[in-house]
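Structural characterization, general
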Amino acid sequence: MNTESTYKWHIQRAWTWTTKPHCTEEEVKAEHPEAIRLPGTLLERVREPALIEPTRRPNGGVPLPPRDFMAECDPKDIPF
C-alpha cells in the first residue's frame, strides 16, 4: 500500500483563480505549474496496488475488427 499526500490547490483558469479538489503535487503541476497549495488542506490517501494492470489501449484491450468489416455490412444496418 502506498500513502500519498494530497492538497487542495488554487489554480488560474481563464484569468480567474479557482480551487481545484484534492490531488497530489505531481498531478496538479503537470497541468497547472502556477498552482498554489492551500495551507491546512492536507489529506493522506492510501492507495492499494491494482490487481489488474491497465492495458494502455484506448478500447480496453478488445481486439478491433478487420478493416473490411464495414464493407461487409449493409449501410442501412449502421446506426451512424
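Scope of this entry: the structure provided in the associated data block. (Residues numbered from 1 in each chain as written. Predicted model: local features only at pLDDT ≥ 70, side-chain atom pairs only at ≥ 80, totals over all residues. Heavy atoms only, no water.)

1. Description of the packing of aromatic side chains
By the definition in use, this model includes one aromatic pair. The residue whose ring lies beneath Arg37 is Tyr7, and the NZ or CZ to ring-centre distance is 4.5 Å. (Phe/Tyr/Trp six-rings, centres within 6.5 Å; stacked < 30°, edge-to-face > 60°. Lys NZ or Arg CZ within 6 Å of the ring centre and 35° of its normal.)

2. Digging into the environment of Gln12
Relative to the helices and strands, Gln12 is located in strand 1 (residues 2-13). Residue Gln12 is classed as partly exposed on the basis of its relative accessible area of 36%. For Gln12 and Ala35, which are 23 residues apart along the polypeptide, the C-alpha to C-alpha distance reads 7.3 Å. If near-sequence neighbours (up to four positions away) are discounted, Gln12 is found in contact with Trp17, His32 and Glu34. (Helix = DSSP H or I, 4+ residues; strand = E, 2+ residues; numbered from the N terminus. Buried < 20%, exposed > 50% of the residue type's maximum accessible area, 1.4 Å probe, protein only. Contact = heavy atoms within 4.5 Å.)

3. A closer look at the nonpolar core
The biggest cluster of nonpolar side chains holds six residues, and these are Tyr7, Trp9, Ile11, Cys23, Val28 and Ala35. Top element by residues in this core is strand 1. It accounts for three residues. Once you skip the residues sitting within four places of it in the chain, Ala35 turns out to touch Trp9, His10, Ile11, Val28 and Lys29. (Core = buried A, V, L, I, M, F, W, Y, C linked by side-chain atoms within 4.5 Å.)

4. Some details on the side chain of Thr6
Inspection of the secondary structure assignment puts Thr6 in strand 1. We classify Thr6 as buried; its relative accessible area is 0%. Within the local environment of Thr6, its side chain forms a polar contact with the backbone oxygen of Leu43, the two atoms lying 2.8 Å apart. Other than its neighbours up to four places away in sequence, Thr6 contacts His22, Cys23, Thr24, Thr41, Leu42, Leu43 and Arg45. (Polar contact = N/O pair within 3.5 Å; in protein donor to acceptor, adjacent residues only side chain to side chain.)

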